[in-house]
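# A structural walkthrough
Listed below, chain by chain, are the residues.
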Number of protein chains: 2
Amino acid sequence: MDIKQILYQKRMAKNFTSRKEDYSQWYNEIVIKADLADYSAVRGSMVIKPYGYAIWEMMQAALDKKFKDTGHVNAYFPLFIPKSFFSKEAKHVEGFAKECAVVTHYRLKNDETGVVVDPDAKLEEELIVRPTSETIIWDTYKKWVQSWRDLPILVNQWANVVRWEMRTRLFLRTSEFLWQEGHTAHATRLEAEEEAKKMLGVYTDFAENFMAMPVLQGIKTENERFAGALETYCIEALMQDGKALQAGTSHFLGQNFAKAFDVKFLSKENKLEYVWATSWGVSTRLMGALIMTHSDDSGLVLPPKLAPFQVVIVPIYRKEEEKITVIEKGKQIKAELERVGIRVKLDDRDTQKPGFKFAEWEFKGVPLRIAIGPRDITNNTVELARRDTLTKSVTDMEGLREQVLDLLDEIQNNLFAKALDFRNTHTTVVNSWDEFKDVLENKGGFIMAHWDGTSETEEQIKAETKATIRSIPLDYDNSEEGVCVYSGKPSKGRVVFAKSY
Amino acid sequence: MDIKQILYQKRMAKNFTSRKEDYSQWYNEIVIKADLADYSAVRGSMVIKPYGYAIWEMMQAALDKKFKDTGHVNAYFPLFIPKSFFSKEAKHVEGFAKECAVVTHYRLKNDETGVVVDPDAKLEEELIVRPTSETIIWDTYKKWVQSWRDLPILVNQWANVVRWEMRTRLFLRTSEFLWQEGHTAHATRLEAEEEAKKMLGVYTDFAENFMAMPVLQGIKTENERFAGALETYCIEALMQDGKALQAGTSHFLGQNFAKAFDVKFLSKENKLEYVWATSWGVSTRLMGALIMTHSDDSGLVLPPKLAPFQVVIVPIYRKEEEKITVIEKGKQIKAELERVGIRVKLDDRDTQKPGFKFAEWEFKGVPLRIAIGPRDITNNTVELARRDTLTKSVTDMEGLREQVLDLLDEIQNNLFAKALDFRNTHTTVVNSWDEFKDVLENKGGFIMAHWDGTSETEEQIKAETKATIRSIPLDYDNSEEGVCVYSGKPSKGRVVFAKSY
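Before going into details, it helps to say that this report is about the structure given with it. (Residues numbered from 1 in each chain as written. Chains lettered and ligands numbered in written order. Predicted model: local features only at pLDDT ≥ 70, side-chain atom pairs only at ≥ 80, totals over all residues. Heavy atoms only, no water.)

### Details of the relation of the copies chain B and chain A
What counts, and what does not: Superposition of the copies used a least-squares fit over C-alpha atoms from residues whose pLDDT is at least 70 in both.
After a rotation of 180° and a shift along the axis of 0.0 Å, chain B superposes on chain A with an RMSD of 0.0 Å. The symmetry that links the two subunits is that of a two-fold axis. In terms of C-alpha distance to the rotation axis, chain B has Val 103 of chain B as its closest residue, with the C-alpha 2.1 Å off the axis.

Here it is in structure tokens:
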């Protein structure tokens, strides 16, 4: 490492809060300084910057392929939902018709004070900017479904949604966010239940194999269930500060929305029946989860499968003739790596020094850096630096492509292993209320504890400790019965408690 | 053609209006019966159905690649824009702060009458649902730009926008529509002008080579210019009813938005200067253009490059053992075609007869149909049917893949040639006002006529005939001077008049 680089990195580090100092501040600084997102003039809304959006696009592409591979198609439904639709499903209205953006007028005009809302252009019925689309979609499905031949409907939508927020946290809590919402319609209960579970599996696969983020699959308690669902399946991830983050949900909606919007079909047996439903979604919140799972005190760390650039090549030169040779070699390496689908950035900017480039791409989480200088040309070598371990090695140009491919795999696997190890060491089985509070305050993480199955106990625990039941885990050996850590009443199995985002 | 197929097609045809009978009704029926889009419960909003959305996804993918190949990146900006932003650019407010959806409240509540807007949750400043994003984006760019090193900014956004409409026409005129909007920032006037022209070229290339739709490149007159632009470049296409459709625009915005939002940069010469801007967009309107350019009285016709399915395979069988053999062969052919990237649908539905499937896929515009029955298995043949010419041929199984590839190219080229021929025969040079009116009423199409260059004449012609100046054409030999067909005053060149969508 040359002196300039050290200076640049120190300067960068000086302006960057560590996780220990202030985790929340650390997160905000990564989001803003790594050019992922920024606040906007509209309270509660964010701007997703090109580098952040490129990561979201990688996520979208991977998820969209999985949806299509499992038989789903995309469609688009209106942004605006008539207010009355929210009253149609009793529980749904409680959950969603609260913090909504309400459109009341459809025209502006000029008067002496400037641009004002035209009072003559008041809507008869207010329109709600969708917080989720079950109601408008089921109102549409009514037209699409007559017979069992029209089923199943396996539709997904990529869209923006709005749920009003007063306190903004970029990616984690914003009034407007981007997401996908799947809405499926089925002839039988069993088929809908299987769909809800299948999509939970798709999310799990994506979280673990693309985001390198281990997740616990589980079922939400009644308190935490989606408004209008019979069952909510979820995946929960553990962040480095020991707080849980809900990373995706898949709902079995029963016939609730079919009944609310009168969607019936003629079955094979020629009987008129209500349609069975699911819905499932993940959002730009995943960006927050990705950041908080892997990043460190040197900035963002990206798993290779979701990195817009998997490799950055930084040419190093002093004299003009060195520049030509070194950049030419950089282009060759780039072309060779791209031939096998590796995403490469050649940073040939004249306006910045190598040390600055090293620090910038390290902060932006590019998995591998290749530095190449005049001596490398002579020796037929390059310098390879890994973002995950911050280690460097000089390597022969021969076989570079295979080495890069191997390293990208290794980094992907290493990030998952590290995160899994963190989760394992931060998952604690507790058997008493004192132990529960002690672990929650002093260690954090997932707490596996017996619970008596009542909403009252769940609410009291939340009120006393801020911990919620993240899920009744699906893939946890839960054969042993016991007594609730809080109430002492009988319990049929352990659930996962944690403080959460 | 067997008797069933004839019957099915007759039945389908009976329910389908021809272009001659009622062009507008013909269009609506294609959109709805080919499952492209539908009306929704919200006046002015449409539902884009899966088949229609799949075409839009093909368009998006092709455009997005072109944008990225020309150095652009995607980002995302807020849906809501503070009302005051619209007042900042004087002309922009006139053009856009009119028919807008206005958010005035951010909460609903329950009272005795049901769900109502909470009067306590009134916004201090109303928010406008973006009709276009220049204002919010330039407010953001202010934070991104300090020095010439930060330029150019080459950003595109895929998003939904809202411009209130009372009369809905699916894809052509809806309150909410989907689009992309590019917003670029440059250090020099020349660079911004070149960008605006370059993106017009990208749109032209997409329209002609993907949509198989010939377009005229041109410049808008002052009257028709984008609100806030110094120059609006456009591409204009001609529909089969002789009306023009604006298919894309690219604006050179000068320094108007930089001045309105105070976006300055320190130049290489160390001077503080305002940034130069462009914006450019195409929307789901292109779906309407695609439909009206190629479709016929048998339904939708899709160019192969944008068809979600380029080939549909329909198995024909009576007995169970025939079914097994025929479907097995169908799967083989599908796999073989897919190996070279052809998009294939094997319609193995048990619930529908072949005649129904033939009619359905013909109506949905699939470029090529392969029918395969027991006799084909014996003879090692298939039946190939082209959607563009409605011709059929029996062909040998050997070399099928190459034949399909050739035919897809031929269909793509044929559709363009047909559309170009239509445009050429419907482009008329006129030299008098009587001739102008006669062509406009009795023939339609593009009218190349001299115009005196004044807004007054342009407006009078529009008031008398509904024809507007579509553009001052860029690629038309316009060396000859003349006199305005309306005013008789001197003219420096011909412009393109037409009635339009």
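Having seen the structure, we can now continue with the description.
### Notes on helix α2 (residues 23-33) of chain A
Along an α-helix, residues three or four positions apart point the same way, because every turn accommodates 3.6 residues. What counts, and what does not: The cut-offs for exposure are 20% and 50% of the maximum accessible area for each residue type, with area from a 1.4 Å probe on protein chains only; residues under the lower value are buried, those over the upper are exposed, and the others partly exposed. Where helices and strands are cited, they refer to DSSP runs of H or I of at least four residues and of E of at least two residues respectively, numbered from the N terminus.
Here α2 of chain A has its buried residues at Tyr 23, Trp 26, Tyr 27, Asn 28, Glu 29, Ile 30 and Val 31 of chain A. Two residues or fewer after α2 of chain A comes Asp 35 of chain A, characterised by a positive phi angle close to 60°.

### Quick notes on the interface of chain B and chain A
For the record, the criterion: Contacts are residue-level and defined by heavy atoms, with any inter-residue pair within 4.5 Å sufficient. When two parts are put together, the accessible area they lose, computed with a 1.4 Å probe and summed over both, is reported as buried area. Definition used for salt bridges: Asp or Glu carboxyl oxygen within 4 Å of a side-chain nitrogen of Lys or Arg.
At the interface, 68 residues of chain B touch 68 residues of chain A. Taking both partners together, chain B and chain A bury about 5,400 Å²; carbon and sulfur atoms supply 64% of that area. When residues of chain B are sorted by the area they lose upon contact with chain A, Tyr 76, Tyr 106 and Leu 108 of chain B head the list and together hold 12% of the total. Where chain B meets chain A, there are six salt bridges.

### Some thoughts on the side chain of Asp 388 of chain B
All names here are of chain B. For the record, the criterion: Residues adjacent in sequence count toward polar contacts only when both atoms are side-chain atoms; beyond that, a polar contact is any pair of N or O atoms within 3.5 Å, and within protein one must be able to donate a hydrogen and the other to accept it.
Tracing the backbone shows Asp 388 in the loop between β20 (381-386) and β21 (392-396). Exposure remark for Asp 388: the relative accessible area of 6% places this residue in the buried category. For Asp 388, the side chain forms a polar contact with the side chain of Arg 386, separated by 2.7 Å. In contact with Asp 388, other than residues within four places in its own chain, are Ile 411, Asn 414, Leu 415 and Lys 418.

### A short note on the pairing of strand β20 (residues 381-386) of chain A
Within a regular strand, the side chains alternate between the two sheet faces. Residues and elements named next belong to chain A. Here is the rule we go by: A strand pair is defined by DSSP finding two or more bridges across the two strands.
Taken across its six residues, β20 has six buried, putting it largely inside the fold. The side-chain alternation of β20 yields two buried faces, one formed by Thr 381, Glu 383 and Ala 385 and the other by Val 382, Leu 384 and Arg 386. Two strands pair when backbone bridges link them, and strand β19 (residues 368-372) and β20 are joined in this way by four bridges, in the antiparallel orientation. For Arg 369, the partnering residue across the bridge sits in β20 and is Ala 385. By the bridge criterion, five bridges tie β20 to strand β21 (residues 392-396) in an arrangement that is antiparallel. Residue pairing for β21: Val 382 is matched across the bridge by Thr 395. In textbook terms, the turn of a hairpin is the stretch between consecutive antiparallel strands, and for β20 and β21 this stretch comprises five residues, one of which, Leu 390, has a positive phi near 55°.

### Observations concerning the pattern of salt bridges
Residue and element names in this part refer to chain B. Scanning the entire structure with this criterion turns up 63 salt bridges over all chains. For the salt bridge of Lys 323 with Asp 350, the shortest nitrogen-to-oxygen distance reads 2.8 Å. Note that Lys 323 is positioned in helix α9 (residues 320-338) and Asp 350 in the loop between β18 (344-346) and α10 (354-363), a separation of 27 residues in sequence. On the basis of relative accessibility, which here comes to 54%, the residue Asp 350 falls in the exposed class.

It is worth stressing that arrangement in space is one thing and function is another; only the former is reported here.
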